[in-house]
Amino acid sequence: MKQSPFLLYSDGKGNIFEDTSLYVCGRSGWDAMPVENEEWIELPSGGQLYELPNRRGIGTDVISGEMRLCEKGWAVAAFIPPAFTGTYLAAYETLPDAETLPLFCYTAAGWYNDQFYVTAIRIEKDIRQESEGFDEGKIESGVKELLSTYKHNRLVQHLANNCCLTYHCPAARNYFMGRWECPVPSSPACNANCIGCISFQPQEETIVSTQDRLMFKPTAEEIIEYTVPHLETAPFPIVSFGQGCEGEPLLMWQTIKQALLEIRKHTKKGSLNINTNGSNPGAVKVLCEAGLNSIRVSTNSAREKIYTPYYRPNNYEFNDIVESLKVVNDFGGWTSINYFVFPGMTDSVEEYEALRKLIKSTGLKMIQWRNFNIDPDWYLGKIGVTDTGECIGIRQMMDLLKDEFQDLKYGYFNPSIERIKGDFEMDYAGA
Ligand code: SF4
């Protein structure tokens, strides 16, 4: 790319224009800055553009090079699709009466050569959530068939009516297409109070959660009934406890333990994974004994002082999540972190050092570099961060960690057992 893309602005009615008097800037922490040309890639398919009401985009003047606001309209940001990680946030100035933005990611976006560009990197080659890969006809017939097969299974009804047909959850859509990762939500409650929780937002907040929490406690029988056939028949099968439409699955560890034991009595196929806040290492140990072979612990940071004001845990502490990773590692299981990437926080020197320590102390196998779906100003304000400190850049950080930890894997999704035990870099295209 020979030059920076031009800044984008909207007329507030959903129409987006380029301002050819300004090169677009990116944001890291609280700071706007010019972005190197090699950071930009074409907006991937499945990506979307958002207008940000009562926010003015920041760019550098193409003639003077001076940084200034675009007064022509509202700022614009990109929601980049899963499998891609954003390396800069959209840069804008927030006007006094701006409302909190909904729970999406806001990546820097610009216009160049008749194309939209974003600051992102493809971190995952797995195609399981590529929008082109979803066949509506297959999904519809899958929903019909499985709803009639499991007439009395409340979980399959929840996955069909809520997750697949209402929220369009990619995991549920893959389940009804009979492939890959099968979701198992199980917990109506949680022992954390994350500021950006996607399944529960307190009344006093102006933003809403993107999906509602499960309203019932499934039985082990309901879980086993639809997961065993999936493990037996689906390509690259994974059963994943812990979904966006529930609270914390470890609060249901007794039911999950029963399910795991029964599942493994029926089949040895696939990976049995849990996506969790990692709050109860004792329960994790019991689940590993019952057959769990993979864990993904969510975190916004490897630093306790950044983690706690965001997760606001009820009855556990940061060190418990570290212990949960160690427990699975001791069982020889696969350990990932669901790492919420926030340019300016994630790539700060302090965070980089803390993450190195976490990788060393837990034997971490994989980092899932996930875009943080949250209003940047709101997030930093809520956790009380006024200065993010010196930063090294997201790409630079990824490279440094890869150099130091040669076996450490990167991605966006939980790997299948075929990738865990076999060739991690294998191609999914044929599945
Ligand atoms: S751990 Fe998950 S369910 Fe619980 S508050 Fe946080 S985001 Fe919400």
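Residues numbered from 1 in each chain as written. Predicted model: local features only at pLDDT ≥ 70, side-chain atom pairs only at ≥ 80, totals over all residues. Heavy atoms only, no water.

A closer look at the overall build of the protein
Here comes step 1: Looking only at helices and strands, the protein features twelve helices and 21 strands.
Here comes step 2: The C-alpha radius of gyration computed for the protein amounts to 22 Å, which stays within 12% of the reference 22 Å derived for 431 residues, consistent with globular compactness.
Here comes step 3: Along the three orthogonal principal directions, the C-alpha set of the protein runs to about 70 × 45 × 45 Å.
Here comes step 4: Considering only intrachain contacts with a sequence separation of at least 6, the fraction spanning at least 24 residues in the protein is 77%.
Here comes step 5: Accessible area of the protein: about 17700 Å², with a carbon and sulfur share of 51%.
Here comes step 6: With 40 positive and 57 negative side-chain charges, the protein shows a spacing of 6 Å between the two charge centroids. (Helix = DSSP H or I, 4+ residues; strand = E, 2+ residues; numbered from the N terminus. Rg over C-alpha atoms; globule rule 2.2 N^0.38 Å. Contact = heavy atoms within 4.5 Å. Areas by Shrake-Rupley, 256 points an atom, 1.4 Å probe, with all protein chains shown as cover. Lys, Arg positive; Asp, Glu negative; His and termini not counted. Charge placed at Lys NZ, Arg CZ, Asp CG, Glu CD.)

Looking at the pairing of strand E13 (residues 109–112)
Walk down a regular strand and you will see the side chains alternate between the two sheet faces.
Here comes step 1: The alternating pattern of E13 places Ala109 and Trp111 on one face and Gly110 and Tyr112 on the opposite face, and all of these are buried.
Here comes step 2: Where E13 lies against strand E14 (residues 115–122), four bridges are found, and the strand directions are antiparallel. Bridge pairing in E14 places Gly110 opposite Tyr117.
Here comes step 3: In textbook terms, the turn of a hairpin is the stretch between consecutive antiparallel strands, and for E13 and E14 this stretch comprises two residues, one of which, Asn113, has a positive phi near 55 degrees. (Buried < 20%, exposed > 50% of the residue type's maximum accessible area, 1.4 Å probe, protein only. Pairing = 2+ DSSP bridges.)

Some points on the environment of Gly142
Here comes step 1: Secondary-structure assignment places Gly142 in helix H1 (residues 136–149).
Here comes step 2: Separated by 35 residues in the primary sequence, Gly142 and Met177 have C-alpha atoms spaced 5.9 Å apart.

As for the domain arrangement of the protein
Here comes step 1: For the protein, the assigned domains are domain 1 (6–122) and domain 2 (131–421).
Here comes step 2: Between domain 1 and domain 2, the residue contacts involve 32 residues of the former and 36 residues of the latter.
Here comes step 3: Interface of domain 1 and domain 2: buried area, both sides summed, is about 2500 Å²; carbon and sulfur atoms make up 59% of it.
Here comes step 4: Of all residues in domain 1, the largest losses of buried area upon contact with domain 2 belong to Trp30, Thr100 and Leu103, amounting jointly to 30% of the total for that side. (Domains from an automatic or database assignment. Buried area = accessible area lost by both parts, 1.4 Å probe.)

A closer look at the packing of helix H2 (residues 154–164) against helix H4 (residues 220–233)
Here comes step 1: Relative to each other, H2 and H4 sit at 60 degrees, their axes nearing to 8 Å. In terms of orientation, H2 and H4 fall into the oblique class. In this structure, H2 uses Arg154, Leu155, Val156 and Leu159 to contact H4, whose residues at the interface are Glu222, Ile223 and Tyr226.
Here comes step 2: Here the residues of the contact of H2 with H4 are counted per class, giving five nonpolar, no polar and two charged. (Axes fitted to C-alpha atoms, helices over the stretch in contact; angles between N-to-C directions. Parallel < 35°, antiparallel > 145°, perpendicular 65-115°, else oblique. Nonpolar A, V, L, I, M, F, W, Y, C, P; charged D, E, K, R; others polar.)

What about the nonpolar core?
Here comes step 1: The biggest cluster of nonpolar side chains holds 115 residues, and the ones touching the most others in it are Tyr310, Leu355, Ile367, Trp369 and Leu401.
Here comes step 2: Two domains each donate at least three residues to this core, and these are domain 1 (6–122) and domain 2 (131–421).
Here comes step 3: Of all hydrophobic cores here, the second largest spans eleven residues; its members include Leu22, Trp40, Cys70 and Tyr117. (Core = buried A, V, L, I, M, F, W, Y, C linked by side-chain atoms within 4.5 Å.)

Let's talk about the packing of aromatic side chains
Here comes step 1: For the structure shown, the criterion picks out 23 aromatic pairs.
Here comes step 2: Plain terms: the ring middles of Tyr310 and Tyr379 are 5.7 Å apart, the flat faces sit at 75 degrees to each other, and that makes the pair edge-to-face. Here Tyr310, found in helix H7 (residues 304–311), pairs with Tyr379, found in helix H10 (residues 376–382); they are 69 residues apart in sequence, far enough to count as distant.
Here comes step 3: The exposure class of Tyr310 is buried, given its relative accessible area of 3%.
Here comes step 4: Residue Tyr379 is classed as buried on the basis of its relative accessible area, which comes to 1%.
Here comes step 5: Of the aromatic side chains, those joined through ring pairs into one cluster are Tyr307, Tyr310, Tyr311, Phe318, Phe340, Phe342, Phe372 and Tyr379.
Here comes step 6: Just above the ring of Tyr92 sits the side chain of Arg27; from NZ or CZ to the centre is 5.7 Å. (Phe/Tyr/Trp six-rings, centres within 6.5 Å; stacked < 30°, edge-to-face > 60°. Lys NZ or Arg CZ within 6 Å of the ring centre and 35° of its normal.)

Some words on the sheet that holds strand E11 (residues 89–90)
Here comes step 1: Taking strand neighbours across the sheet as the criterion, the three strands line up as E4-E3-E11 in an open arrangement whose pairing is antiparallel. The sheet is open, and its two edges are formed by strand E4 (31–33) and E11, each paired on a single side.
Here comes step 2: By the bridge criterion, two bridges tie strand E3 (residues 26–28) to E11 in an arrangement that is antiparallel. Note that in E11 the partner of Arg27 across the bridge is Leu89.

Considering the sheet that holds strand E19 (residues 334–341)
Here comes step 1: Strand order in the open sheet formed by seven strands is E15-E16-E17-E18-E19-E20-E21, with parallel pairing between adjacent strands. Strands at the two margins of the open sheet, each flanked by one partner only, are strand E15 (181–184) and strand E21 (409–411). Within the sheet, the average angular offset between the axes of one strand and its neighbour, ignoring direction, is 25 degrees.
Here comes step 2: Direction of pairing for strand E17 (residues 271–276) relative to strand E18 (residues 294–299): parallel, over a ladder of four bridges. Paired with Ile274 across the bridge in E18 is Ile295.
Here comes step 3: Against the sheet, helix H5 (residues 253–266) touches strand E16 (238–241) and E17, its axis set at about 165 degrees to E17.

A look at the site of the ligand
Here comes step 1: The full set of residues close to the ligand is Cys190, Ala192, Cys194, Cys197, Ser199, Arg213, Glu246, Gly247 and Asn277.
Here comes step 2: Here the shell around the ligand is composed, by residue class, of four nonpolar, three polar and two charged. (Near = heavy atom within 4 Å.)

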